[in-house]
Amino acid sequence: MAGSLYVHFLIAILTMAATHAPARIGSLWHQRMQTLKEYEVVRDGNIFGTSFSNSVVFSSEYDQARQQLDHLISSYQDRSFETVFSGKEVSNECGNCYSLTTPHPLHPPAFDLDHYQNTIMRDLTLVRGIGRATEKRLRARGYQTLYDLTGHPKYRSHVQPVIDCMCSEDSHDIMDLVGRRHAKSHPLVLGAAGLHELQDYVFLDLETMGLFSRPIILFGIGVIENGALNVYQYLLRDIADEQAALKETIRHLSGERKALVTFNGKAFDLPYLNDRLGYYGMDTPASTRIPHFDVLHFSRRRWRNQFPSLRLTALEREILHIHREDDIPGQMVPEFYETYLRTGNCGPLVPIVEHNRQDIISLALLFFHLMGESYGC
Amino acid sequence: MAVDDVIRLLTTNPVYRDRVVHTEIIEPGPPQYGTLDTPLSDSIISYLDQNGIRLYSHQCDAINRIRAGKNVILTTPTASGKTLAFNIPVFTALNADPEARALYLYPTKALSNDQLATLEQMAHYTGISAKPAIYDGDTPQSRRAAIRDNSRIIISNPHEIHQVLSWHMKWRPLFANLRYIVIDEAHRYRGVFGSHIAMLMRRLSRLCLHYGSRPQFILSTATLANPVEFSQRLTGHPFELVNGNGSPHGRKHFVLYNPFYDGVGERSTHQETKDLLVSCVKNNLQTLCFTGSRKMAELVTLWAREDARRFSAQLADTICAYRAGYLPEDRRAIETHLKEGVMKGVVSTNALELGIDIGSLDAVIISGYPGTMMSTWQQAGRAGRKGDVSLALLVAQANPLDQYFMNHPEQFFSRSHEHAIVDTENPYIVSGHLLCAAAELPLREDADREFFGDSFPQLLPELASTDLVRKTARGWVYSGRGRAADLVSLGGIPGETFRIMCHGRLIETMDRAQAYREAHKGAILLHQGEMYLVKEMDLETHTVRVTEADVNYYTQPLKEVDLAIIETLETRELNGVKCAFGVVEVTEQYTGYKIKRGDTIIGVEPLTLPPLTFRTKAFWLIPSPDTEQNVLKGNLDFAGGLHGAEHAIIALMPLHVMCDRRDIGGLSSAAYGENGEPVIFVYDGYEGGIGLAEKAFEILPDLFATAHALVRDCRCDDGCPSCIYSPKCGNDNQPLDKIATTLILGELCKEPEKSESAGYVDAAGVVFS
């Protein structure tokens, strides 16, 4: 009896005591954070090690990046954000953020639209029920194009929606239809991009604090304006800028005929963007119907088994002959940004911005390279 | 009746007869039926009719209250039909609203599987499109999206929910339409684990509200002393209790069986357990046997199969082991065989302890007291499900706690159930979940008080000081570079996993501590009753390589525990006793292993494993030289007194700091460190500490006073489980000296002179003291 009275008495006391924050909590969690690893550092040349996980950094790259970090910290001491990054503040209904703009010359190949449309029109397998064998048989009997099939007793009802779709010049629907009949990485899917004007393309690449559920710290967007590729970068001075930067990014994606171009954006950038919009309770991009060309998928189909790696940096080296200097591994971006947040020294941001800008440029070049290979003239 | 045959065997066989120290007969009870306030839908009525079900009084009570919108906690015993009591209102809601959804949380995979089968059957019979599905770590990636979008009853576990909350955008269909959250076996969520779950439930409620739902909670638990308080703390909502059991139950014979009845004990508890298991299985009793460790589960299985094989090979094949580390498909096969009756004897750790409805089990053998009365009755409740006569056996171990119950059966059958403690104020736990919450949606100091209490905003600047969160116009935003949910481990168990490989095939996984204990080089590892010899343990790649082995020995590791003070953060003096709080480093070192055949040691081999070390927070006290002199003058055992005081203090920690005694560790020494001073340490059993010792240090006088009263007022002579015996003592409760304990604790809370505190005098002149 006495025991149970005591219990109630003590519970009352404990409930009244307010939670006070012991001074060690922040550092406790910070220490735990240091033990979380989202990538593995593996011995150089250990190709075997890379097959287990996508997230590996070779030890030479790692050591070099750590040295670079120390070097950046000392050389950017006492330099303000604005002097290191010459950009401008942007305001919108979600707040303020900081925008950097750099133009890059670009010479996209001319796109042979006739060639693309002819290829489509000659592809009888786009019609439901027609496979390779049937197509061959049909050709032998004189059915060369989709138009010819409109007279076919069996396929005539199936072919009309295909022709309608192709004539609509709606790239989203065409990608969808071709992707369903072929693979989603089929060159005819990529070719749908040719239905767009150059100014429709939005090249997107995000730098984040890690793999999902964390802030996006740099939004990189490439847009072709007046014959040049303009790279817009929204770099967070603080996490508080994220919402305004999201808003700016959405603005680039809104518009009549925009087409999104990414490298691995179907798995990463676009879901991440939607994740952060949901986090802030913002609407997802005005049009979820925006056609999305993920260059990783087309690259895989094109160069699978030719190169040991299909990462963007590997492809740009092999295909575009671009060699980056002072680049940091993408996986190490979070710790560089974290160092900036903690110290206020913006040196660690320099290679992040550079890395992202090069990613956008390489993405655009690789995209046009693939387009040119298939439908250039 | 086979049960009667075994009971006759127990009373006639000379070996068994001597060891049966007590048989308690729990009389059968008839069914009590109830009525519903509103009739059920036709489809549910016909489901009940087809299955010949008439609802018991407690089921009706629960259904009525749930349908009236109340949060309900059910505490009726195992097999009383709790599941149906919450499935009926859930299906009713799904039937009425085609968008409505429910989330069921189970602590184990076995329970999830079982509930899935029940729900599928109910959906099939009623034609209500519930599409129940399990969503957990075993769910293939390819099925996940469809389950999230289409399943209207999702079965999961707290660990999975902890991981998925940050993906809430993908879960919109569930969160926007969630009507019920069912938490079955909720008593599992107590102590530190419970405190984590309490915060998890608040995160879940917060996301539901964000998407526009306010789900009702339905909890089911074992018998607790404080069900309503517990459920309110666990979920943050008010609750109504349903506890009157209307289900019938058969006669149960509860036997206390003491292998050490003669004070010697020819054979070990586990050998005796094996004999009893084989006797039950031979008599065609479907028997569930619980052992304290997974290793003993494997050994008892192995021995029992060997014994049974002498009788018939077929019989040997009906005995198997079951434990949590098995691969999902192996576990499922065992569960199915058990239900189909193919399996006769299953030896388990507590993975099977609770609530899966595996049909009729005739007997339960509990090998060693499981540590709480709640677990004991839960395990015993697994026998006698269909109203038939059943048998429960508690086989005592040699330790004083088990022996105390064997000598005092009346204590055993009358001891009250425990309080389940959940702490929602522990800043260490709360802050971790605030990080997770801030990664899910921006934290708003005003609006989120509803979930995290009035004082949570005080923690935010502390978290911001190391850049884990940043304040923005929208609220506090998580800004750490690791995933917040990965920082917070709900059980406080570190996430390192060792893979056990046999000829390149993965046979199981275990954490580092377990791997050191069971899969060190040279160890005989038991898996599914098969023996494996550990050839190599690669600490870098976390891989253990084993080969099949056929040997007639087993291995047992030797462990040393050490504790070093890293930093003294605070000190205080109480009645001349120096007390301190600070950071300590606890080190567990496996130094070797014994090779044993039966109970005989046939060899000892050294081990060179790195020590397992964790830093945590502790308080410690150094009794004065005077006390030591007093104890020694009385010809008492000083070390036994310190040890007893350590146990008593730990036993009463949960009263004060709201935790489970398993969350705390202790160490006492008559001559510690360089100064050779006597000392008692009490530490948080979790890496980094979880604030338990810290809070206890603030209230030391209260803690000491209650510990002293506990020992002083206990009517035993030499110490007993009610005072200084600890069920989790690493030294088998040796040495202990009750009188010395009382002296030491008495000094800690020495009452000031009578004249200063003789109580107080009220207006009428009556003295209270």
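Peer 1: Pulling in residues and values, what's your account of the overall build of chain B?
Peer 2: When its secondary structure is counted, chain B shows 28 helices and 29 strands. The 769 residues of chain B split such that 52% are buried. Taking all contacts inside chain B whose residues are at least 6 apart in sequence as the whole, residues at least 24 apart take part in 73%.

Peer 1: Residue-level account of the overall build of chain A, with values.
Peer 2: When helices and strands are counted, chain A shows 17 helices and nine strands. Counting all 377 residues of chain A, 36% fall into the buried class. The long-range fraction of contacts in chain A, counting pairs at least 24 apart against all pairs at least 6 apart in sequence, stands at 68%.

Peer 1: Can you tell me about the nonpolar core, naming the residues and giving the values?
Peer 2: Core analysis: the biggest nonpolar cluster contains 230 residues, and Leu 435 and Val 682 of chain B have the highest contact counts within it. A per-element tally of this core places helix α17 (residues 349–375) of chain A first, with 14 residues. When near neighbours in sequence (up to four residues on either side) are disregarded, Val 682 of chain B contacts Ala 618, Phe 619, Glu 646, Ile 649, Ile 650, Ile 664, Gly 666, Ala 693 and Ala 696 of chain B.

Peer 1: Report on the confidence of the model for chain A, specifying residues and quantitative values.
Peer 2: Residue and element names in this part refer to chain A. With 89% of its residues at a pLDDT of at least 70, chain A reaches an overall mean of 86. Counted against residues more than four places away or in other chains, residues 1–23, with its pLDDT under 50, gives 23 contacts. Every residue in residues 49–53 scores below 50 in pLDDT, and together they form five contacts with partners more than four places removed in sequence or on other chains.

Peer 1: Explain the environment of Asn 150 of chain B to me, using residue names and the numbers behind them.
Peer 2: Residues and elements named next belong to chain B. Secondary-structure assignment places Asn 150 in helix α7 (residues 141–150). C-beta crowding within 10 Å serves as the criterion here: with 11 such atoms nearby, Asn 150 is assigned to the exposed category. With 49 residues separating them in the primary sequence, Asn 150 and Arg 101 have C-alpha atoms 9.7 Å apart.

Peer 1: Explain the interface of chain A and chain B to me, and be specific about the residues and the numbers.
Peer 2: The interface is formed by 39 residues belonging to chain A together with 43 residues belonging to chain B. Of all the secondary-structure elements, those providing two or more residues to the side of chain A that touches chain B are α1 (2–16), α2 (25–35), α13 (269–279) and α16 (333–343) of chain A. Counting residues per element, the side of chain A that touches chain B draws most heavily on α2 of chain A, at eight residues. Tallied by class, residues from the side of chain A that touches chain B come to 20 nonpolar, 11 polar and eight charged.

Peer 1: Can you explain the domain arrangement of chain A? Please cite residues and give values.
Peer 2: Residue and element names in this part refer to chain A. When cut into domains, chain A gives domain 1 (56–109 + 197–375) and domain 2 (113–194). Spacing between the C-alpha centres of domain 1 and domain 2 amounts to 36 Å. Counting only elements with at least two residues in the side of domain 1 that touches domain 2, the list comes to α14 (295–303) and α17. Taken together, the residues that form the side of domain 1 that touches domain 2 break down as seven nonpolar, two polar and three charged.

Peer 1: Quick one: what's the story with the domain arrangement of chain B, residue by residue and with numbers?
Peer 2: Residue and element names in this part refer to chain B. Each assigned domain of chain B is listed here: domain 1 (2–18 + 251–414), domain 2 (42–242), domain 3 (427–487), domain 4 (497–551) and domain 5 (567–589 + 607–748). In this structure, domain 2 and domain 3 have C-alpha centres spaced 28 Å apart. Each side of the interface is counted separately: domain 2 has 16 residues, and domain 3 has 12 residues. Sorting the residues of the side of domain 2 that touches domain 3 by element identifies α8 (158–164) and α10 (191–210) as the ones contributing at least two each. When residues of the side of domain 2 that touches domain 3 are assigned to their parent elements, the largest contribution, 10 residues, is made by α10. In the side of domain 2 that touches domain 3, the residues fall into four nonpolar, nine polar and three charged.

Peer 1: For unusual backbone geometry, give the residues involved together with the corresponding values.
Peer 2: Residues and elements named next belong to chain A. At Asn 305, a position not held by glycine, the phi torsion is positive, near 70°. Assignment of secondary structure puts Asn 305 in the loop between α14 and α15 (312–318). Its 6 C-beta neighbours within 10 Å are what place Asn 305 among the exposed residues. A positive phi is found at Asp 326, a non-glycine position, where the angle reads about 55°.

Peer 1: Describe in detail the sheet that holds strand β14 (residues 390–395) of chain B, supporting the description with residues and values.
Peer 2: Residue and element names in this part refer to chain B. The strand order β1-β9-β14-β13-β10-β12-β11 describes an open sheet built from seven strands, whose pairing is mixed. Two strands lie at the open edges of the sheet, namely β1 (20–26) and β11 (319–322), each paired on one side alone. Averaged over all adjacent pairs, the angle separating strand axes in this sheet is 15°, with direction ignored. Judged from the six bridges that link them, β1 and strand β9 (residues 252–257) form a sheet pairing that is antiparallel. Looking across to β9, one finds that His 22 is bridged to Leu 256. Its contacts with the sheet place helix α1 (residues 2–12) against β1, β9, β13 (363–367) and β14, and it is angled at close to 35° to β14. Along the sheet, helix α13 (residues 294–311) makes contact with β10 (287–290), β11, β12 (345–348) and β13, crossing β11 at roughly 175°.

Peer 1: Explain the environment of Gln 734 of chain B to me, and be specific about the residues and the numbers.
Peer 2: Examined against the element boundaries, Gln 734 of chain B turns out to sit in the loop between α27 (700–713) and α28 (738–748). Taking the C-alpha atoms as reference points, Gln 734 of chain B and Gly 644 of chain B, separated by 90 residues in sequence, lie 9.2 Å from one another.

Rules behind the numbers
Residues numbered from 1 in each chain as written. Chains lettered and ligands numbered in written order. Predicted model: local features only at pLDDT ≥ 70, side-chain atom pairs only at ≥ 80, totals over all residues. Helix = DSSP H or I, 4+ residues; strand = E, 2+ residues; numbered from the N terminus. Buried ≥ 20, exposed ≤ 12 C-beta atoms within 10 Å, placed from the backbone. Contact = placed C-beta atoms within 7 Å. Core = buried A, V, L, I, M, F, W, Y, C linked by C-beta atoms within 7 Å. pLDDT = per-residue confidence, 0-100. Nonpolar A, V, L, I, M, F, W, Y, C, P; charged D, E, K, R; others polar. Domains from an automatic or database assignment. Pairing = 2+ DSSP bridges. Axes fitted to C-alpha atoms, helices over the stretch in contact; angles between N-to-C directions.

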